[in-house]
Amino acid sequence: MTRFSFIRDLYPSHSRHNPTAQHMPAVFPRHQQTPFQQNPTNESSNSLTSYNQYISTMPIAIGLEGSANKLGVGIIRHTPSQPAEILANIRHTFVSPPGEGFLPKDTAIHHRSWVVKLVKQALRESGVAVADVDCICYTKGPGMGAPLQSVAIAARTLALLWDKPLVGVNHCVGHIEMGREITGADNPVVLYVSGGNTQVIAYADQRYRIFGEALDIAIGNCLDRFARTLNISNDPAPGYNIEQMAKRGKHLIDIPYTVKGMDCSFSGILGFIDAYATDMLSGADKRDPETGEPITPEDLCFSLQETAFAMLVEITERAMAHVGSSQVLIVGGVGCNERLQEMMGIMAAERGGSVYATDERFCIDNGIMIAHAGLLAFQTGFTTPIDESTCTQRFRTDEVLVKWRD
Amino acid sequence: MPEVIPLAGAPGYKLHLALFDSVSNAAALHAQLLAKNPAYEYAFIDPSVLVSTLQPLAAAFRAVHDLLDPAVGLRTPNVHSETVFSLSPSHNITDSYRRFGISPSSTALLAIKILDTTSPTYSESDVLAALSSLVDGTEIPFTTPSLRALTDVAKVKKCYKLKDMYAVEALYARKGRRKEEGSRSGDMVWADLEVAVLGQMALRSLV
Amino acid sequence: MSRRSIDGTLIKQGAEAHVYKSTFLLPTVPSLIKVRPRKAYRHATLDLRLTKHRCVSEARLLNRCRTMGVPCPAVYFVDERNGEITMEWIEGPSIRELLQRLIDGSRDKRSEGEEEGEGEGESDVLSDSRVLDLMRQIGETVGKLHDIDIIHGDLTTSNLMLRKERRTTLETNSSENTETESNDGGIELLQGNYEVVLIDFGLGQVSVSDEDKAVDLYVLERAFISTHPKASGLFHTILEAYKKNSLGSGIVLRRLQEVRLRGRKKSMIG
């Protein structure tokens, strides 16, 4: 079986096809179209039929995400002045054994072997016909090279097979736009925290500008690597297991706290706590100086979270003070963490604002966010020509021109 | 003519103080301190280490502040010994008494009594009378100029570890850079010395 | 833990600190109290540790600078458990306010004289020798700071102040300077003696690294140009004075070139 044998499965004849549905090029800016209810030329006697006709003209995008160990496929429909409709949002995760991270090569193999199944399943769940899809969105970057490439190839293949335009999407912008859409946060400061990214972002002049970031490793990477040291399971995710263990931790140990203005650093923390954990696992007697009780792995998880998250909340607060915002949106896989959400909420409340966060369906890498951000760009006339449909490991959030916002 | 100065930041607390020159009973006072005679519970300060009125006030404030903060507390027997200790830039208590307190041979001294004036037994006139009768010497006004007339600048610099004062200029001079001569008046040197001393005192508590 | 209330007027409330104007011990000694308030989101032990550490670090930097001869507020009193530093009150405008006033003032003048057809008011005031002298003093002051191996960490024109006169003793209002400011564009403030005073060392550190010093200058450059786009041409005068006066300026300015090229941009891996 060759690497590209999946192509066969993706011919239009294999998917549910509605020959009556018209493919409408939808290039109107979102929220500026006239909703059908107010359309004076609507002469239909059957409002359901006309609604169906109207809705069938609304743009639909399919999004493919695979920048790390999650492969996601999502299908979205944008209807003016209404929340975006999530027609399908499915995911399959490559889980590595405890003590191991996911290697690019194995992750890419995982994505290649699952992408066809996921695309077919998403189409089936959504009830959308291939002909109704307006564009194919894929993650252009940033991310791990091999997994990105396998998903970009899948997207390109779909575009050629189905004769649809391609839209390359910045992964970070995908998270931000999906977070805004789901939470309704209008113009928040965004904390984007995942395995590969730690950024504090605010919107200005059609760019998502990075006000602060981790200067070395990302917070999620710090958590993942710590989990490996302690042999914490990667199923369903190392961060989730750390969070559960942290709930049983009591003693706070002194961990390096490194914040420089709106930037922060996690490599010192990782080095320290790795050394501490290694000592502990090799039998060294570590005790809490006040109570004399032994330090447990749960205490380490607790201390790591309390310290690292305090750093994140602090740099976010600085950015909020800087741009004069009281809303904060947390996106990215680490954004699922309820303790982080709680701490951020306390800070935001003290500033007279509130925190917006989403659950694991949207926080963790997914296809729907790529479909959503891609469709926003597509409706401003943006497409990625096939010969430019590359992917890139490095792609800064502020490189994207955000034409769909004022 | 002793003075009464309310201690800003510590409501109710007042300083009662008097500055003396030509003192003849320093040895007796010193002996009473060593004997821990409660009638002699004062802060007796050697004015040769003082550069302004603010300096002993800051020391008294530190002492009262630490007295009133249950998380900190005093490190010496009482608020008066603590005031002498608070003049010091180091944590060595014995050393601080020796450098900033009086010695048997002192000929000038600043006496301070710190009291909570909200106490029912408090009587300002009694306190001031006791203060005046305590010391055999000439009372002089408690002002920065009269303190500066008594200051031993070399001793101040040594006690407060101020060898780094104007280090930038010294550095530039070593590299053959011209000195900005005459750009600083004698008054400015005093002002710089004053804040350098206050800074060293303020940083003492910091571990 | 209940906090002692601060006896003073709140003048600034930032993300990290609240700043009050108050007096120190005597009503005649104005002071500034910088308070780092408790952060409820942080574990109490961590909060106390950080507050203490930052308070102590800032007080040490201020004291080191001031003693060694770099103009900055003197430290009067530190209550590190409560995150409070009481320091010298610096009377005078920030360089940011001053530059803004100069630019606005010249714009008003220009519009008044528009009938005459003269349209170069702004460049007039910004090329005034007194303004150039101010820029040189800024460059010298930053140079001195770096020569004693202190990195400010947040150099902006808001964190540089202009002080006309200094008191010879703290407790008496001896200097006759108080409020001699004129509303006439502020250029008169640059007449005669003054000093440029560095404030807010909350992000400062001791470092001998040329890279750190270059980044410090880069932060100032970015802040200067974005805050005063019309006066951005003045920045090279600051750098010239830095170059002329600071001992390690050669290497630092070469590093600055690299830092500029690199920006603070860093590629992120997803």
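Small disclaimer: the values here were computed from a predicted structure and weren't measured.

**Let's talk about the sheet that holds strand S4 (residues 135-141) of chain A**
Residues and elements named next belong to chain A. Read from one edge of the open sheet, five strands run S3-S2-S1-S4-S5, paired in mixed fashion. Each edge of the sheet is formed by a strand with only one pairing partner; in this case those strands are strand S3 (85-93) and strand S5 (166-170). Ignoring which end each strand starts from, the neighbouring axes of this sheet average 20 degrees apart. Looking at chain direction, strand S1 (residues 60-65) and S4 are connected through four bridges and run parallel. By the bridge assignment for S4, Ala61 is matched with Cys135. Along the sheet face, helix H2 (residues 104-126) touches strand S2 (70-77) and S3 and points at about 25 degrees away from the line of S2.

**As for the interface of chain B and chain C**
In this assembly, 33 residues from chain B lie in contact with 31 residues from chain C. Among the secondary structure elements, those contributing two or more residues to the side of chain B that touches chain C are helix H2 (54-68), helix H8 (167-174) and helix H9 (186-202) of chain B. In terms of residues, the side of chain B that touches chain C owes the most to one element, H9(B), which gives ten residues. Across the side of chain B that touches chain C, the residue classes tally to 22 nonpolar, six polar and five charged.

**Regarding the environment of C:Lys213**
Residues and elements named next belong to chain C. Following the sequence through the fold, Lys213 ends up in helix H5 (residues 210-227). Considered as a pair, Lys213 and Pro30 are 183 residues apart in the sequence and their alpha carbons are 33 Å apart. When near neighbours in sequence (up to four residues on either side) are disregarded, Lys213 contacts His146, Ile151 and Val252.

**Observations regarding the interface of chain C and chain A**
If you look at the interface, chain C gives 17 residues, while chain A gives 27 residues. Of the residues in the side of chain C that touches chain A, the class split is eight nonpolar, six polar and three charged.

**Points about the sheet that holds strand S7 (residues 198-204) of chain A**
Strand pairing within a sheet occurs via backbone hydrogen bonds; the two strands may be parallel or antiparallel. Residues and elements named next belong to chain A. The strand order across the open sheet built from five strands is S8-S7-S6-S11-S12, with neighbouring strands paired in mixed fashion. Because the sheet does not close on itself, it has two edges, and the strands there are strand S8 (207-213) and strand S12 (354-357). In this sheet, adjacent strand axes meet at a mean angle of 25 degrees when their direction is disregarded. Where S7 meets S8, six bridges bridge the pair, whose relative direction is antiparallel. Paired with Ala204 across the strands is Arg207, a residue of S8. The strands that helix H4 (residues 171-183) touches are strand S6 (189-193), S7, S8, strand S11 (327-331) and S12; relative to S11, the one it contacts most, it runs at about 125 degrees. Strands S11 and S12 of the sheet are contacted by helix H9 (residues 338-350), whose axis makes an angle of about 150 degrees with S12.

Each value, and the rule that gives it
Residues numbered from 1 in each chain as written. Chains lettered and ligands numbered in written order. Predicted model: local features only at pLDDT ≥ 70, side-chain atom pairs only at ≥ 80, totals over all residues. Pairing = 2+ DSSP bridges. Helix = DSSP H or I, 4+ residues; strand = E, 2+ residues; numbered from the N terminus. Axes fitted to C-alpha atoms, helices over the stretch in contact; angles between N-to-C directions. Contact = placed C-beta atoms within 7 Å. Nonpolar A, V, L, I, M, F, W, Y, C, P; charged D, E, K, R; others polar.

Shape is all these values report; function is a separate question.
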